[in-house]
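Understanding the architecture of this molecule
Single-letter residue listing:
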Amino acid sequence: MDEVFGEENFFSLITVRKTGGLGSAGLTGISDFVVWYAKSIDSVKYRNLLQHKVNMGTASQYSYALLSSGETISASKLTTAQSDAKIFQPTAVHTMFAGVQSCLYPTFQANGKTFRLPVNRQWSTTLPNMMRVGKAGRLYTGGSTPRFIRFLDDHPVTELNNLWTDVMGAQDVIYVVQTNPRIVQRCLLMTTDPGDLVLDPTCGSGTTAYVAEQWGRRWVTIDTSRVALALARARIMGARYPYYLLSDSLGGQKKEAELTRTATSGTPTYGRIRQGFVYERVPHITLKSIANNAEIDVIWEKFQETLEPLRARLNAAMGTHWEEWEVPRDADESWPQPAIDAHKQWWEQRIARQKEIDASIAAKADYEFLYDKPFDDKKIVRVAGPFTVESLSPHRTPGVGEDGELIDGIHDARGVHHDGRYEFGDTVLKHLEYAGVQQAHKEDKIDFTSLAPYPGEAICAEGRYTEGVDDEAEERRAGIFIGPEFGTVSRADLVEAAREAAEAAFDVLISCAFSYDAQASDLAKLGRVAILKARMNADLHMADDLKNTGKGNLFVVFGEPDFDVLDADDDELQVKINGVDVFHPQTGEVRSDGPEGIACWFIDTNYNEESFFVRHAYFLGANDPYKSLKTTLKAEINADAWETLHSDTSRPFPKPETGRIAVKVINHLGDEVMKVFRV
Ligand SMILES: C[S@@+](CC[C@H](N)C(=O)[O-])C[C@H]1O[C@@H](n2cnc3c(N)ncnc32)[C@H](O)[C@@H]1O
């Protein structure tokens, strides 16, 4: 990674604890790693994620509890009845001597005790400030040295570090190498803001896209495997996501005002996700923020005016000299009535004073946002925003040399090397010969009786197979065209090859390629020559390592969508899908194969010839991907509306402005084909 990104761009190595180690021999491994490099370390984006101390196991230092009676006990002795107790950690109020004169007073008094400055130390704050911390009820004087009462709630969080022990746990795995979404979520929240773009070039079951979709990030994901893409598509579509309150919304402004105890902002809102969400926040109260809060003195003075006369009355009625810190919390029944009354009122005022001081401390404290805890509106159910799945790249980038000259001739793109040897092509032919060409139905499989090199421009081999059976069996000749090892077959490539096939009197052109561009995908025939576009399995990239026994579906033809465009009311159109055209080698005919083989089909009702936008989607197959969405939503569903999604006939739509519609069909294996129709 240092070589790829440069060692100066290393940002962090995160160790993630996983549930169990694979393989029992030797030392068990229970960790995985997230390696974080930046493209440029100076522009790395880092959002500090705060974790609750309780969850991070660092809350154990808070070993004292302050009861509502004012009594302090060990936190381990707390009972459930004492739920209003506040957990705290007593921390020193003196630091290393640094010569700050105002912090070098020799003693101070609190709760009737005198505390002496230890040798080589200075107090953490000035004498008036220390007195203020005492007035705020934040000095613990139960020990030999005074201590600051640091409540867990003063700063209940701690910064995330690079040891993640809390992200393991069970998950519903739909993909063998599925990543735990909590890990991806953390990475995403640490590195992006809402509206940012996230790329995962190894999609798998789509965890990154799923998490990005949930958190309002835009996403792009890529995979070489159609199985992975099909899983990811269903997963993203079938999920239900929380609706987070946007800062840039009326609801968001209201929530923000409520949280900050300020007036609602009157600025117009536009629902821009880039402005972020309204997040939960935690206070960051410190000894310093309390010591510097002069409002505490004002509140204290105000309450002294009522507290002091009440204490005087109590002492008079009891014949005592109780100082403030000596007044018992509970009155005894044997006390004279005036003492009971004064005691009751004194405590009411005493508690009211603490409340007001605490509120002032909270209001003056800094806040930190919990970027992983936005407020959500439970009344709104969100499903995935629109996205497309593109399996064909319409672009091909030829390699060029220093002077811009093409370094790879057209033949190189097809796997023919400079010295004229077929290398990639050779391998493909070798496999084609024994694997044959698979079609939708087993009986339509093309098995070659022979396959021999052919010295064409585009056509590189001639394959012979039998059409018909027994007496009527006739030998047919197929021209074989092989697409590039890395790249896409365009319509022009196919037309060139089909012309050559026609001139050389081939019966059919079989094109083998990893991908076809959008314009190529609706070309099924040129003159009398049928064009079969076989999709090569990505395993052929490592064909040399393939054992001859592993001849699965290496070459698969999935025909053209067969559909009718119908006139609907109001000058609108409807599409009825009949199935997929399939070439039957026994008869040489192309026949439509019913809609049963179709998992789902989409229409771009206004196709722009560049990108396919799914404007209508229908699901015919038994594996209805909306099923999980239906279950997830649990809401009342309009049965008629659902029914239109499970149909071979589309809803009506206006005529396309572009003059073209495109229909894309996906089978149960995830193969897809597209056909463009001029209206
Ligand atoms: C470990 S999985 C990713 C798992 C994913 N994070 C998830 O949660 O499901 C790796 C994926 O990368 C895909 N892959 C492998 N080589 C690839 C390549 N060169 N380009 C794109 N994807 C590739 C594989 O098909 C596989 O689905």
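Check the entry above for the structure.
Description of the structure in this document. (Residues numbered from 1 in each chain as written. Predicted model: local features only at pLDDT ≥ 70, side-chain atom pairs only at ≥ 80, totals over all residues. Heavy atoms only, no water.)

1. Section: the site of the ligand
Worth spelling out the cut-off: One heavy atom within 4 Å of a molecule or strand is enough for the residue carrying it to be called near that molecule or strand. In protein, a polar contact requires one atom able to donate a hydrogen and another able to accept it; more generally it is a pair of N or O atoms within 3.5 Å, and residues adjacent in sequence count only if both atoms are side-chain atoms. Note on areas: Shrake-Rupley with a 1.4 Å probe; residue coverage comes only from the protein chains shown.
Near the ligand you find 14 residues, and of these Tyr175, Thr179, Ser205, Thr207 and Asp223 are the closest. For the ligand, an oxygen atom lies 2.6 Å from a polar atom in the side chain of serine 205. The contact in question runs from an oxygen atom of the ligand to an N or O atom on the side chain of aspartate 223, over 2.6 Å. Across the complex, the protein chains shield 65% of the 600 Å² of accessible surface that the ligand would expose by itself.

2. Quick look at the nonpolar core
This is how it is decided: Side-chain atoms within 4.5 Å are what join buried Ala, Val, Leu, Ile, Met, Phe, Trp, Tyr and Cys residues into a set we call a nonpolar core. The cut-offs for exposure are 20% and 50% of the maximum accessible area for each residue type, with area from a 1.4 Å probe on protein chains only; residues under the lower value are buried, those over the upper are exposed, and the others partly exposed. A run of H or I in DSSP becomes a helix once it reaches four residues, and a run of E becomes a strand once it reaches two; helices and strands are each numbered from the N terminus. Two residues form a contact once any of their heavy atoms are found within 4.5 Å.
Ranked by internal contacts, the top residues of the largest apolar core, which has 33 residues, are Phe108, Trp123 and Ile290. Within the residue set of this core, elements represented by two or more residues are strand 8 (107-110), helix 3 (127-135), helix 8 (287-291), helix 9 (295-318) and helix 10 (337-364). At seven residues, the largest contribution of residues to this core is made by helix 9. Non-local contacts of isoleucine 290, meaning those with residues more than four positions away in its chain, are made with Arg132, Val133, Ala136, Arg138, Phe148, Ile285, Ile296 and Ile361. Core analysis: the next-biggest nonpolar cluster, separate from the first, contains 28 residues, Val428, Ile510, Leu532 and Leu540 among them.

3. Let's talk about the pairing of strand 29 (residues 598-604)
The condition is simple: Paired strands, in this sense, are two strands between which DSSP finds at least two bridges.
Extensive coverage of strand 29 is indicated by the burial of seven of its seven residues. Across six bridges, strand 29 lies against strand 31 (residues 660-667) in antiparallel orientation. Considered in strand 31, the bridge of isoleucine 598 is made with asparagine 667. Bridge analysis of strand 29 against strand 30 (residues 616-619) gives four bridges, and the strand direction is antiparallel. Bridge assignment links tryptophan 601 to a residue of strand 30, and that residue is tyrosine 618.

4. Some thoughts on the environment of valine 389
Within the fold, valine 389 resides in the loop between strand 18 (366-374) and helix 11 (410-413). Taking the C-alpha atoms as reference points, valine 389 and alanine 232, separated by 157 residues in sequence, lie 9.9 Å from one another. Sequence-distant contacts of valine 389, that is, excluding residues within four places in its chain, are made with Arg233, Lys664 and Glu672.

5. What about the packing of aromatic side chains?
A ring pair, where both rings are aromatic, is described by two values, the distance of the centres and the angle of the planes. The cut-off we apply is this: Whether two aromatic rings pair depends on their centres lying within 6.5 Å, for rings of Phe, Tyr and Trp, where Trp uses its six-membered ring; planes under 30 degrees apart make the pair stacked, over 60 edge-to-face, and the rest tilted. Note on criteria: charge over ring means Lys NZ or Arg CZ within 6 Å of the ring centre, with the direction from the centre no more than 35 degrees off the ring normal.
Per the stated rule, a full pass over the model turns up 26 aromatic pairs. With centroids separated by 6.2 Å and ring planes inclined at 80 degrees, the aromatic side chains of phenylalanine 88 and phenylalanine 151 adopt a geometry described as edge-to-face. With phenylalanine 88 in strand 6 (residues 86-92) and phenylalanine 151 in strand 12 (residues 147-151), this pair connects stretches of sequence that are 63 residues apart. When sorted by exposure, phenylalanine 88 lands in the same class as phenylalanine 151, which is buried. An angle of 45 degrees between the planes, with centres 6.2 Å apart, marks the rings of phenylalanine 369 and tyrosine 371 as tilted. Judged by its relative accessible area of 35%, phenylalanine 369 is partly exposed. Take tyrosine 371: its relative accessible area is 28%, and that puts it in the partly exposed class. Through pairs of rings, three or more aromatic residues link up here, namely Trp215, Tyr244, Phe277, Tyr279, Phe369 and Tyr371. The lysine or arginine in question, arginine 329, covers the ring of tryptophan 347, its NZ or CZ lying 4.5 Å from the ring centre. In this arrangement the basic side chain of lysine 664 is found over the ring face of phenylalanine 612, its NZ or CZ atom lying 4.8 Å from the centre.

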